[in-house]
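Chains, contacts and geometry: an overview
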Amino acid sequence: LVESKAHDADALRALNFKKELGALTGFVRYLKKENKNTGDLFDHPAVAALRAVREAKGLTSTTKPLWEQQLGLVESKAHDADALRDLNIEKDLGALTGFVRVLKKANKKEDDLFDHPAVAALRAVREAKGLAQ
């Protein structure tokens with residue numbers, strides 16, 4: 001089905017993942033589970049077909065992860081303490097906060113993380129809000 005529409009981006013966009021591609025999606029999920037090195041699957045026809053549909057729908061993961069986008073937000077406001085104070089740590093920086101939490105859990109020596117950009121960004125926001133420890 002996907003290969004028959006490969007030449008037509010509009011037709012690919014119109015495909016429904018659950019209704020029309022459910023079995024293919026399940027198969028790719030199975031392939032990825034069985035093959036730990038998912039890079040080996042990049043050229044697999046089923047994986048390539050789903051990737052083509054995702055690209056046509058604009059769902060490819062070529063964008064930065066949310067925590068990186070939020071880091072960019074903090075960095076863009078770094079020169080303005082008022083703008084940093086206005087950021088809501090939970091709403092505006094939730095993914096960044098979660099990422100830092102994972103970093104700290106993985107690295108027992110928090111001193112090693114002091115200069116990490118994500119840690120420094122959250123510290124800057126906390127300091128601007130008067131919440132520094």
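Because the structure is predicted, anything quoted here is derived from the model rather than measured. (Residues numbered from 1 in each chain as written. Predicted model: local features only at pLDDT ≥ 70, side-chain atom pairs only at ≥ 80, totals over all residues. Heavy atoms only, no water.)

**Considerations on the packing of aromatic side chains**
Rules: Note on ring pairs: Phe, Tyr and Trp rings are taken, using the six-membered ring of Trp, and paired if centres are within 6.5 Å. Classes follow the plane angle, with under 30 degrees stacked, over 60 edge-to-face and the rest tilted. Helix and strand definitions follow DSSP, with helices as H or I runs of at least four residues and strands as E runs of at least two, each counted in order from the N terminus. Here, a charge over a ring means that NZ of Lys or CZ of Arg falls within 6 Å of the ring centre while also lying within 35 degrees of the ring normal.
The full count for this structure, using the stated rule, is 1 aromatic pair. Aromatic side chains Trp67 and Phe99 sit 3.7 Å apart centroid to centroid with 5° between the ring planes, which places their arrangement in the stacked category. With Trp67 in helix α5 (residues 66–76) and Phe99 in helix α7 (residues 94–106), this residue pair connects regions lying 32 residues apart in the sequence. A cation sits over an aromatic face here: Arg123 above Phe114, 3.7 Å from the ring centre.

**Digging into the pattern of salt bridges**
The criterion, for reference: Any Lys or Arg side-chain nitrogen located within 4 Å of an Asp or Glu carboxyl oxygen qualifies as a salt bridge. Exposure is judged per residue with a 1.4 Å probe applied to protein chains only, and the accessible area is read against the type maximum: over 50% gives exposed, under 20% gives buried, and values in between give partly exposed.
Throughout the structure, instances matching the rule amount to 2 salt bridges. Taking the shortest distance from any N to any O, the salt bridge between Arg13 and Asp10 comes out at 2.3 Å. Of this pair, Arg13 and Asp10 both sit in helix α2 (residues 9–14), 3 residues apart, roughly one helical turn. For Asp10, a relative accessible area of 52% corresponds to the exposed category.

**Concerning the confidence of the model for the protein chain**
To be explicit about the condition: The pLDDT value expresses, per residue, how confident the predictor is, ranging between 0 and 100.
Put simply, the protein chain has an average pLDDT of 83, and 91% of its residues get 70 or more. The least confident element of the protein chain is α2, whose mean pLDDT is 83; the most confident is helix α8 (residues 117–128), at 92.

**Structural notes on the packing of α7 against α8**
When two helices pack together, their arrangement is given by the angle between their axes and by how far apart the axes lie. Operational definition: Lines fitted to the C-alpha atoms define the axes, with helices restricted to the stretch that makes contact. Angles between their N-to-C directions range from 0 to 180 degrees. Orientation is classified from the angle alone, with under 35 degrees giving roughly parallel, over 145 giving roughly antiparallel, 65 to 115 giving roughly perpendicular, and any other angle giving oblique. The crossing is said to be left-handed when, going from far helix to near helix, the turn is anticlockwise and less than a right angle, and right-handed when the turn is clockwise. Should any heavy atoms of two residues lie within 4.5 Å, those residues are considered in contact. Note on residue categories: nonpolar means Ala, Val, Leu, Ile, Met, Phe, Trp, Tyr, Cys or Pro, charged means Asp, Glu, Lys or Arg, and polar means any other residue, Gly included.
It is the contact of α7 with α8, at a shortest axis distance of 9 Å, that shows an interaxial angle of 125°. The angle between α7 and α8 places the two elements in the oblique class. α8 is crossed by α7, and the crossing has left-handed handedness. Across from Leu96, Thr97, Phe99, Val100 and Leu103 in α7, the residues of α8 making contact are Ala118, Val119, Ala121 and Leu122. Taken together, the residues of the contact of α7 with α8 break down into 8 nonpolar, 1 polar and no charged.

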